[in-house]
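Working through the structure, step by step
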Amino acid sequence: MLAERQRDSRPIRVALVGAGFMGRGLVNQIVNSVPGMEVVAIAARRPEQGERAFTEAGVEKVVHVDDAAALDRAVLAGTPAVTPDMEAVTRADGVDVVVDVTGAVELGARIALSCFEHGKHLVLMNAEVDATVGPELARRAASAGVVYTGCDGDQPGVQMNLYRFVKGMGLEPLVCGNIKGLQDPYRNPTTQEGFARRWGQDPHMVTSFADGTKISIEQAVVANATGMSVHRRGMLGRDHPEHIDTLTARYDVDELRALGGAVDYVVGAQPGPGVYVFATHDDPKQRHYLELYKLGTGPLYSFYTPYHLCHFEVPNTIARAALLGEATIVPVGAPTVEAVTTAKTDLAAGTVLDALGGYHYYGEAERADVTARDALLPVGVAEGCRLLRDVPKDGALTYADVELPQGRLVDQLRAAQAAMVDLVP
């Protein structure tokens, strides 16, 4: 289908919001490796970052624009554009699909609503906003008749593709998991600075990988797309320095079924960094075949993908959205799992909480009904909140512990999302 678009000179026209490490990789991938698709614009707070992304991809001529009308003129002229105005790309007629590469919750929510208002498909390289208000955004996207989706290449998308593959063969998926090499909730931007510098990444983003926030966010996204739950707050998260196949013995099938399936992660297993789905089959005839095909005797069978290739795979999601009206991964209803805020150190009253992957807190996956019952503070809501009282290290923060910043869209969306199942706040 992409080849046909290329032959007909009707490429899928893509705009990015954000031009950081992953954004630059995606631009390079589309420009140089994906026929039938082109990046027509990049919106970035610093437009020079967008220009850098084009330049690194070998695009020499770029125009700076200030609004949607100017962007449409650039598209008609065949000249890629950069702009500081996010709404220039969401409003422009010459854009088919917007990719959010910001990793920011409040901005991501605003990008999403603007996309829906102006009929744009939205692809997220922003699991943070999806884990926080994804069910409500998915509902609004469906009402607007556009695709709202997480992406291939990111762990949730890779898990969801594997989940569909397994389910399509008639097995019952009971665990969706992520293979990690490190888990330390007390890592911070100072401890991760060297690694971030080595790979040209942001220290806060790298910290969110190391301290468990990102894995909690991503597994909440998977849970909300499958209806799965968690065994306990923070998931099981066991050390398992063996092949992932041997982890099947450490789960109880009846317990998993009672949970409706569970999302999880494991530290140190091989092959990493990949993802896994464990599934069962009730038919003894099929179990005989599965044993013949070297998947063991059950009752859980191991399926895994030994890599996730991030921006290399995102164009698949863009194409699925634009050509097929299909999402890679999307919430199926009210949330089943949330990522909640846990103090990384003793926090004093009056502290204004920093950003994800910072010095103040880490995220933990928790059942959504528990989050609602105990009024736990979602990690995607925490930034900018002011503490009203002291919170000890490893204490879970609640809405009663904080004063929310005024006028945030994310809080309005949280209230609407809670109403999906009459949960407050």
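A few points on the structure. Residue positions are given per chain, counting from 1 as you read along its sequence in written order. Thresholds applied to this predicted model are a pLDDT of at least 70 for local features of residues and 80 or more for the giving and counting of side-chain atom pairs; totals over whole chains, interfaces and linings are not thresholded and use all residues. To get the side-chain values, take all heavy atoms of the structure and skip hydrogens and water.

Looking at the sheet that holds strand E2 (residues 37-43)
Here, strands pair whenever DSSP counts at least two bridges between them. Only DSSP runs of H or I reaching four residues or more are called helices, and only runs of E reaching two or more are called strands; each is numbered from the N terminus. Judged by pairing direction, the sheet is parallel, and its seven strands sit side by side in the order E3-E4-E2-E1-E5-E6-E7 without closing on themselves. The open sheet has two edge strands with one neighbour each: strand E3 (63-64) and strand E7 (148-150). Of the pairings in the sheet, the one linking E3 to strand E4 (residues 81-83) comprises two bridges and is parallel in character. Paired with His 64 across the bridge in E4 is Val 82. The contact criterion used throughout is that any non-hydrogen atoms of two residues lie within 4.5 Å. The axes used here are C-alpha line fits, helices contributing only the stretch in contact, and every angle between their N-to-C directions lies in the interval 0 to 180 degrees. The sheet strands contacting helix H3 (residues 47-56) are E2, E3 and E4, and the helix crosses E4 at an angle near 155 degrees. Against the sheet, helix H4 (residues 68-77) touches strand E1 (12-17), E2, E3 and E4, its axis set at about 150 degrees to E2.

Topic: the packing of aromatic side chains
In this analysis, rings of Phe, Tyr and Trp, with Trp reduced to its six-membered ring, are considered paired at centre separations within 6.5 Å, and the interplanar angle assigns stacked below 30 degrees, edge-to-face beyond 60, and tilted for intermediate values. Taken as a whole, this structure holds five aromatic pairs when the rule is applied. Where Phe 116 meets Tyr 148, the ring centres are 6.1 Å apart and the plane angle is 75 degrees; that geometry is what we call edge-to-face. You can see Phe 116 sitting in helix H6 (residues 105-117) and its partner Tyr 148 sitting in strand E7, a full 32 residues away along the chain. Taken together, a centroid distance of 4.8 Å and an interplanar angle of 35 degrees make the contact between Tyr 276 and Phe 278 tilted. Each residue's exposure class comes from its accessible area (1.4 Å probe, protein chains only) as a fraction of the maximum for that residue type: buried when under 20%, exposed when over 50%, partly exposed otherwise. The class for Phe 278 is buried, based on a relative accessible area of 0%. In this scheme, the term charge over a ring applies when either NZ of a lysine or CZ of an arginine sits within 6 Å of the ring centre and within 35 degrees of the ring normal. Residue placement shows Arg 198 over the ring face of Trp 199; its charged tip is 4.1 Å from the ring centre. The ring of Tyr 251 is capped by Arg 238, whose NZ or CZ atom sits 4.6 Å from the centre of that ring.

Quick notes on the pairing of strand E14 (residues 361-367)
Across the seven residues that make up E14, a large majority, six, are buried. Direction of pairing for strand E13 (residues 337-343) relative to E14: antiparallel, over a ladder of seven bridges. Its bridge partner being in E14, Ala 343 is matched across the sheet by Tyr 361.

A few points about the packing of helix H2 (residues 21-33) against H3
At a minimum axis distance of 8 Å, the contact between H2 and H3 shows a crossing angle of 40 degrees. On the basis of the axis angle, H2 is oblique to H3. For the crossing formed where H2 meets H3, the hand is right-handed. Contacts from Arg 24, Val 27 and Asn 28 in H2 reach Gln 49, Arg 52, Ala 53, Phe 54 and Glu 56 in H3. Angles below 35 degrees are treated as roughly parallel, those above 145 as roughly antiparallel, those between 65 and 115 as roughly perpendicular, and all remaining angles as oblique. Helix crossings are classified by the rotation of the near helix relative to the far one: an anticlockwise turn of less than a right angle makes the crossing left-handed, while a clockwise turn makes it right-handed.

Overview of the nonpolar core
The biggest cluster of nonpolar side chains holds 82 residues, and the ones touching the most others in it are Leu 71, Phe 116, Leu 122 and Leu 353. When residues no more than four places from it in sequence are discounted, the contact partners of Leu 71 are Val 40, Ala 41, Val 65, Ala 81, Ala 88, Val 89, Ala 92 and Val 95. Only buried Ala, Val, Leu, Ile, Met, Phe, Trp, Tyr and Cys residues count toward a nonpolar core, and they belong to the same one when joined by side-chain atoms within 4.5 Å.

Describing the sheet that holds strand E10 (residues 262-267)
Taken in spatial order, the five strands of this open sheet run E9-E10-E8-E11-E12, and their pairing is mixed. In the strand order of this sheet, the two ends are held by strand E9 (238-239) and strand E12 (301-305), each with one partner. Summarising the sheet, E9 and E10 pair through two bridges and their orientation is parallel. Bridging from a neighbouring strand, Asp 239 pairs with Val 267 of E10. Relative to strand E8 (residues 172-180), helix H11 (residues 213-226) is tilted by about 165 degrees, and along the sheet it contacts E8 and E10.

Topic: the environment of Gly 384
Mapped onto the fold, Gly 384 is located in the loop between helix H15 (368-373) and strand E15 (386-387). Under the relative-accessibility criterion, Gly 384 is labelled partly exposed at 31%. Residues in contact with Gly 384, not counting those within four places in the same chain, are Val 352, Leu 353 and Pro 405.

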